[in-house]
Amino acid sequence: MKKVLLFTALAAALTAGLAQAGEKLVVAATPVPHAEILELIKPTLAKEGVDLEIKVFTDYVQPNVQVDQKRLDANYFQTLPYLKSFNEGKGTNLVTVIGVHVEPFGGYSKKVKTLAELKDGATIAIPNEGSNSGRALILLQKAGLIELKDPKNALATPKDIAKNPHNFKFKELESAMLPRVLDQVDLDMINTNYALEAGLNPAKDALVIEGADSPYVNFLVARPDNKDSDAIQKLAKALTSPEVKAFIAKKYNGAVLPAF
């Protein structure tokens, strides 16, 4: 009888240990705000049997490549236009799971205090990735600085500019590099996650910025084979919880806006 009870106790302990360890879920994210938000919900997921491991990346390519190659389970860093462009360009089939937040895209400068102060021939730095390039140019168009051939072209590049009355010069760089050239250009169009990493406050420092109605929501992204898995769905639920909404409001003070 004692042996049976001992065996039962050991089995229960083992089961509890496995439940505590949880299902492993490896998710890629850029440092700010994505990884910070994932760190916030890590304890919540652990209680639900999901062991979340966060892999931090500073570029926009490898997080998608490694999810596609099944080296990672999911990622959280990108907008839908960027994902569509990536899938088309790389032949991948990654899919959105849920939208989490918006990071209003902005333009910054250390040389002028208003857009009106930009001189003819001024240099404007923009992202060189298709969707981010288009996002920057559309924002510049809304500010009245340029006119695009197609005002709604999410993949616009400087070649798609129809009118450039002030002869602005465009410097195209990888998004992660843009904060590093802030001192070297007249206007720097920077994604908010990189702006925050560089110590900029989009709500205060941006000379031009998207509104809260921005269509560029940041999504949790996975593959068709795992997007509906129990662990991914628990992650999606945690990312759109009241806890995350309150954290975003307090932590980022308008620089990041909940999309749920």
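Going along each chain's sequence as written, the residues are numbered from 1 onward. Under the rules for a predicted model, residues below a pLDDT of 70 receive no local features and side-chain atom pairs below 80 are neither given nor counted, while totals for whole chains, interfaces and linings still include all residues. Side-chain descriptors were evaluated using all non-hydrogen atoms of the structure, hydrogens and water having been removed beforehand.

- Under the annotation held in an unreviewed UniProt entry, the protein carries the name MetQ/NlpA family ABC transporter substrate-binding protein and is attributed to Pseudomonas nunensis.
- Quoted verbatim from the Subcellular location (unreviewed entry) field of the UniProt record, the comment on the protein reads "Membrane".
- Recorded in UniProt under Sequence similarities (unreviewed entry), the annotation for the protein is "Belongs to the NlpA lipoprotein family." UniProt positions are given in the numbering used here, feature names are shortened, and annotations may be inferred rather than shown by experiment.

### Quick look at helix α8 (residues 230-239)
For step 1, the next point in the chain: Among the residues of α8, Ala231, Ile232, Leu235, Ala236, Ala238 and Leu239 are the ones counted as buried. One side of α8 carries all its buried residues, which in axial view fall inside an arc of 165°. Burial classification: accessible surface area is computed with a 1.4 Å probe over protein chains only, and a residue below 20% of its type maximum counts as buried, one above 50% as exposed, and the rest as partly exposed. Only DSSP runs of H or I reaching four residues or more are called helices, and only runs of E reaching two or more are called strands; each is numbered from the N terminus. By construction, the arc corresponds to the directions joining the helix axis to the C-beta atoms.

### Points about the environment of Leu72
For step 1, the next point in the chain: Within the secondary structure layout, Leu72 lies in the loop between α3 (62-68) and β3 (74-79).
For step 2, the next point in the chain: Assessed through its relative accessible area of 2%, Leu72 is described here as buried.
For step 3, the next point in the chain: Expressed as a C-alpha distance, the spacing of Leu72 and Ala238, which sit 166 residues apart in the sequence, is 19 Å.
For step 4, the next point in the chain: Any two residues having at least one pair of non-hydrogen atoms within 4.5 Å are treated as being in contact. Once residues lying within four places of it in the same chain are set aside, the contact partners of Leu72 are Val26, Ala28, Lys55, Phe57, Pro63, Gln66, Val67 and Arg223.

### Digging into the sheet that holds β3
For step 1, the next point in the chain: Each pair of strands is called paired provided DSSP finds at least two bridges between the two strands. Judged by pairing direction, the sheet is mixed, and its six strands sit side by side in the order β2-β1-β3-β12-β4-β13 without closing on themselves. Here the strands that pair on one side only, and so sit at the sheet edges, are β2 (50-56) and β13 (257-258).
For step 2, the next point in the chain: Taken together, the two bridges between strand β4 (residues 95-102) and β13 define a ladder with antiparallel strand orientation. Bridging across to β13, Val102 finds its partner in Leu257.
For step 3, the next point in the chain: To obtain an axis, a line is fitted to C-alpha atoms, over the contacting stretch when the element is a helix, and the angle between two such axes runs from 0 to 180 degrees between their N-to-C directions. With respect to the sheet, helix α4 (residues 80-90) is in contact with β3, β4 and β12 (217-222), its orientation differing from that of β3 by roughly 110°.

### As for the sheet that holds strand β11 (residues 208-209)
For step 1, the next point in the chain: Read across the sheet, five strands follow the order β9-β6-β10-β5-β11 without closing on themselves; strand pairing throughout is mixed. Looking along the sheet, the strands with just one partner apiece sit at the ends: β9 (169-173) and β11.
For step 2, the next point in the chain: Helix α5 (residues 130-142) contacts β5 (106-108), β6 (123-127), β9, β10 (187-190) and β11 of the sheet and is inclined by roughly 140° relative to β6.

### A word on unusual backbone geometry
For step 1, the next point in the chain: In this structure, Pro33 follows Val32 across a cis peptide bond, with omega equal to -5°.
For step 2, the next point in the chain: Note on placement: Pro33 falls in helix α2 (residues 31-47).
For step 3, the next point in the chain: Of note in the backbone geometry, Asn253 takes a positive phi value of approximately 50° without being a glycine.

### Observations concerning α2
For step 1, the next point in the chain: For α2, built from 17 residues, the straight-helix expectation of 24 Å at 1.5 Å per residue is met to within 8% by its first-to-last C-alpha distance of 24 Å.
For step 2, the next point in the chain: A residue's bend is given by the angle between axes fitted to the 7 residues ending at it and the 7 residues starting at it. Of all the bends in α2, the greatest reaches close to 40° and is centred on Ile41; the proline Pro43 follows between one and four positions later.
For step 3, the next point in the chain: Residues of α2 that are buried: Val32, Pro33, His34, Ala35, Ile37, Leu38, Ile41 and Leu45.
For step 4, the next point in the chain: Taken from the residues just after α2, Gly49 is the one with a positive phi, measuring 85°. Take the residue count of a helix, subtract one, and multiply by 1.5 Å to get its expected span.

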